[in-house]
Amino acid sequence: MEGNLCNSRPIDTEERLKELMADKGGAEYYKQMESLDVDPAKVMDIINSSMTSKIKTWLNNCAHCGMCARACHFWLTSDKDATQIPSYKIQSTLGEIIRRKGHVDAKFMMDAMDTAWGKCTCCNRCGVYCPLGIDTGVMMSYFRGVLFKLGFIPWEMKIGSGMHRVYHAQMDVTEEDFVDTCDWMAEESAEEWPGLTIPVDKENADIMYILNAREVKHYPNDIAETAILFHIAGENWTVPSSGWENTSLTMFAGDWEGCKMNTQRIYDAIKRLNPKSVVGTECGHAHRATVVEGPYWCGQESGDPPVPFYHYVEWVAHALREGKLKIDPAKKLKGPVTLQDSCNYVRNHGLGKYTREIMSYICEDFRDMTPSGDHNFCCGGGGGLNGIGRYRQWRNVSLKNKLDQIQNTGADLVVAPCHNCWDAIRDMFEVYEIKTIKWSFLKPLLISMVEIPDNIEHVTE
Amino acid sequence: MSSLQQAISFLSGTGMLIALAVFVLGCLFHVIRYIGGLDAKKDRVAYGYHADRSVPGIFASIFKWLLPCATAGWRSAPLTTFIFFCMHAGCVLVPLFVAGHVVLLKSALGIEAGLPMLPLAVADVLAAVTIAGVLICAVRRLVSPFQKALTSGADWLILFLTGAPFVSGFLVRVCCPDSAELMLVHLVCGNLFLLLAPFTKLSHIVLFFMSRAQLGMEYAIKRGGQTRGGVFDW
Ligand code: SF4
Ligand code: SF4
Ligand code: SF4
């Protein structure tokens, strides 16, 4: 039975979104989920029309050797719980549904949902450790799409997808709110940095900058920092009034249609403003959604976005290398520093060399984690897990793996150019009561140590 | 000719050729079905583009995994890796190059040319190692909490299909070279392996190459192939 809160229809009106949000913690939502119908024909229809030989082969050919277990931070922190082996997670859910030809009940589907969102962050690390090249992360994110269509998705994910559909952003930040915030930040920053502007909808700029609604709503200062750094670097940049939201909770939610809508808005802004390139903020999954997966959702045959697209770390690395930004040697970080690379931009987009290049400019004692780069572990809260109350305890356990990794470096600062990782690190330090290690995005660090060129006016009281 | 002898001559002649044909065609079918079943849009991999990156990506993804210790994955599980490689070395080399098989193949296919053969002692050692490998795998599937949770009937089937021809062949070779009964068992097992491989998880004989190529392509085409500089560091 389809409930008024829990059903297989995506949220696309503000009214329904508000109604769902009013159900605190999703108590009624999950209760309704227990009586959601599972129509075997519909299940198999969704699977048969979307699954190709790639995933079929991955599912059927798994040797059940368990080599993927050690690759997964959930298994590593689970005291060897077999149900946390990547292969087990996908075989007992998607695999089992196919074996039973869709004849499963709501209880089964809810367990499957708990596995898909509560036991996997889609970090893709297990695929790198499987001899057969079976990527459970890819399969899990595919499976989330199947669950989404059937209505079995965590409350927060349903809301997240609804936010994107209703507000075109992951939070209730409208296009007007965004432009107002940019104006506000430009005005405030211009007092200290005369001449600084945040140009909205400027055509033919070198850079179109896109960001995360959280920055607009909760950390507007991040926008000011962006503007200051672009200003100092002398960049010709702009923000689009529409298509500025780079993140995609729809991707975490498995809302395939919604994913396309997000990315298309950004690509439309490119068409409208004709920038030479696009730079996205310090966010891992946003980069993946727009640059790695997005081109496919929007029908780009070559798999490439319409213009060169850079993650913020790529822009920073270029700016430092080309001398657009210069670091004051006296202000470099002296203490031990480590780096949390987001799997979404490192393993899934190969940007590890850029972040290391940045570290070589900004700190004197860089201590990489082990393992690192393409083999880095997920922070423990990725794939939407950070935001889902139902799995809070599970996530807190999985954070321990990253905490150990961080502590083993001996660093007292973690640089995390990803919102999700940043949150997870903040939370792990709170949960495990670590008070001696700090964490930061790149922007505030850069501002604190960048040299101000002579042609840039800086007013300090 | 006794019916026993008749069966032996059939299974080492026409029967074997039929089984071989099923094996080869079945493997080929898997490859064709795999490639034909891909969809660039649904898979979100632009298979037809960026060959300059995807070809090296495919090769690295396959060949690095064919060498023990060449990948972080193999290094992360030394014991499993050791067993895995010992077992697979025997599985690949013995059936193809053991002297008895070479002779059989030559006569069945009417080939005159000399084919490479394994020295008997080497073949014996490889076979023994493979049998040990199969046994260890079986024991691990029974006792390791890890593998117990994952193992299904299909895994037992392929262990049996692999182990049976090796055990029977080894017995024929080492203790009862004259036992026609044992020879028949060996031939039945060997042919069964060939016949059933395409229909069981033994299809990984070819699908291993497909799924490894797949991930190699994914990393080369979309997941950082352009930015990483070089192939993925497995
Ligand atoms: S490592 Fe690969 S083959 Fe082995 S159990 Fe995991 S997914 Fe299956
Ligand atoms: S994708 Fe990451 S979180 Fe998910 S099963 Fe694999 S290693 Fe674990
Ligand atoms: S939160 Fe960060 S580390 Fe975790 S999966 Fe996402 S990007 Fe990776």
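Shown above is the structure to which this text applies.
Reading guide: rules and limits
Residues numbered from 1 in each chain as written. Chains lettered and ligands numbered in written order. Predicted model: local features only at pLDDT ≥ 70, side-chain atom pairs only at ≥ 80, totals over all residues. Heavy atoms only, no water. Helix = DSSP H or I, 4+ residues; strand = E, 2+ residues; numbered from the N terminus. Rg over C-alpha atoms; globule rule 2.2 N^0.38 Å. Buried < 20%, exposed > 50% of the residue type's maximum accessible area, 1.4 Å probe, protein only. Phe/Tyr/Trp six-rings, centres within 6.5 Å; stacked < 30°, edge-to-face > 60°. Lys NZ or Arg CZ within 6 Å of the ring centre and 35° of its normal. Pairing = 2+ DSSP bridges. Contact = heavy atoms within 4.5 Å. Axes fitted to C-alpha atoms, helices over the stretch in contact; angles between N-to-C directions. Expected span 1.5 Å × (residues − 1). Bend = angle between axes of the 7 residues up to and from the residue. Buried area = accessible area lost by both parts, 1.4 Å probe. Salt bridge = Lys/Arg side-chain N within 4 Å of Asp/Glu carboxyl O. Polar contact = N/O pair within 3.5 Å; in protein donor to acceptor, adjacent residues only side chain to side chain. Near = heavy atom within 4 Å. Nonpolar A, V, L, I, M, F, W, Y, C, P; charged D, E, K, R; others polar.

Caption draft 1: Quick look at the overall build of chain A. Helices and strands together make up the secondary structure of chain A, namely 21 helices and eight strands. Relative to a compact globule of 461 residues, whose C-alpha radius of gyration would be 23 Å, chain A shows 22 Å and is just as compact. Overall size of chain A, expressed as C-alpha extent along the three principal axes, is 70 × 45 × 45 Å. For chain A, the residues scored as buried account for 66% of the 461 residues in total.

Caption draft 2: Highlighting the packing of aromatic side chains. A complete count under the given rule lists 25 aromatic pairs over all chains for this structure. Taking the centre distance of 4.8 Å and the plane angle of 80 degrees together, the rings of A:F230 and A:W315 count as edge-to-face. Residue A:F230 is found in helix α13 (residues 220-233), and its partner A:W315 is found in helix α17 (residues 312-321); the two are separated by 85 residues along the sequence. In terms of burial, A:F230 and A:W315 fall into one category: buried. Between A:W422 and A:F441 the ring centres are 5.2 Å apart and the planes differ by 0 degrees, which places this aromatic pair in the stacked class. Note that A:W422 is positioned in helix α20 (residues 419-431) and A:F441 in the loop between β8 (438-440) and α21 (442-449), a separation of 19 residues in sequence. Taking relative accessible area as the criterion, A:W422 reaches 13% and is therefore assigned buried. An aromatic cluster is defined as three or more aromatic residues linked by ring pairs; in this entry it consists of A:Y209, A:F230, A:W237, A:Y312 and A:W315. The residue whose ring lies beneath A:R125 is A:F377, and the NZ or CZ to ring-centre distance is 3.7 Å. When the ring centre of B:W234 is taken as origin, the NZ or CZ atom of B:R212, which lies over that ring, is 4.8 Å away.

Caption draft 3: Local environment of the sheet that holds strand β1 (residues 207-210) of chain A. Residue and element names in this part refer to chain A. Read from one edge to the other, the open sheet built from four strands follows the order β2-β1-β3-β4, with strand pairing classed as parallel. The open sheet has two edge strands with one neighbour each: β2 (237-238) and β4 (309-311). The sheet contact formed by β1 and β2 spans two bridges and is parallel. Looking at the pairing, I207 lines up with W237 of β2. Along the sheet, α13 makes contact with β1 and β2, crossing β1 at roughly 160 degrees.

Caption draft 4: The arrangement of helix α16 (residues 284-297) of chain A in detail. Residue and element names in this part refer to chain A. The end-to-end C-alpha distance of α16, which contains 14 residues, comes to 18 Å, matching closely the 20 Å that a straight helix rising 1.5 Å per residue would cover. The largest bend in α16 is about 30 degrees, located at T290. Counted residue by residue, α16 has 14 buried out of 14 residues, so it is predominantly covered. Directly after α16, the chain includes G299, whose backbone phi takes a positive value near 75 degrees.

Caption draft 5: Summary view of the interface of chain A and chain B. Listed by partner, the interface residues are 52 residues for chain A and 53 residues for chain B. Summed over both sides, the interface between chain A and chain B buries roughly 4,200 Å², with carbon and sulfur atoms accounting for 55% of that surface. Of all residues in chain A, A:K54, A:H64 and A:Y296 bury the most surface against chain B, accounting for 16% of the area lost on that side. The interface formed by chain A and chain B includes five salt bridges. Between the two partners, chain A and chain B, sit 32 residue pairs in polar contact (both at pLDDT 80 or more).

Caption draft 6: Inspection of the site of ligand 3 at higher detail. All residues in the neighbourhood of ligand 3 are listed as A:Q340, A:S342, A:C343, A:N344, A:C378, A:C379, A:G382, A:C418, A:N420 and A:C421. In terms of residue class, the shell around ligand 3 is built from five nonpolar, five polar and no charged.

Caption draft 7: Spotlight on the site of ligand 2. All names here are of chain A. Neighbouring ligand 2 are C72, H73, F74, P86, K89, C120, T121, C122, C123, N124, C126 and G137. Mapped by element, the contributors of at least two residues to the shell around ligand 2 are α5 (73-76) and α6 (86-99). Taken together, the residues of the shell around ligand 2 break down into seven nonpolar, four polar and one charged.

Caption draft 8: The arrangement of the pattern of salt bridges in detail. All names here are of chain A. A complete count under the given rule lists 36 salt bridges over all chains for this structure. Between E14 and K18 there is a salt bridge, with the nearest N and O atoms lying 3.5 Å from each other. Pair noted here: E14 and K18 are both in helix α1 (residues 14-22), with a separation of four residues, about one helical turn. With its nearest N and O atoms 2.6 Å apart, the salt bridge here joins E357 to R321. In this pair, E357 sits in helix α18 (residues 352-362) while R321 sits in helix α17, placing the two residues 36 residues apart along the sequence.

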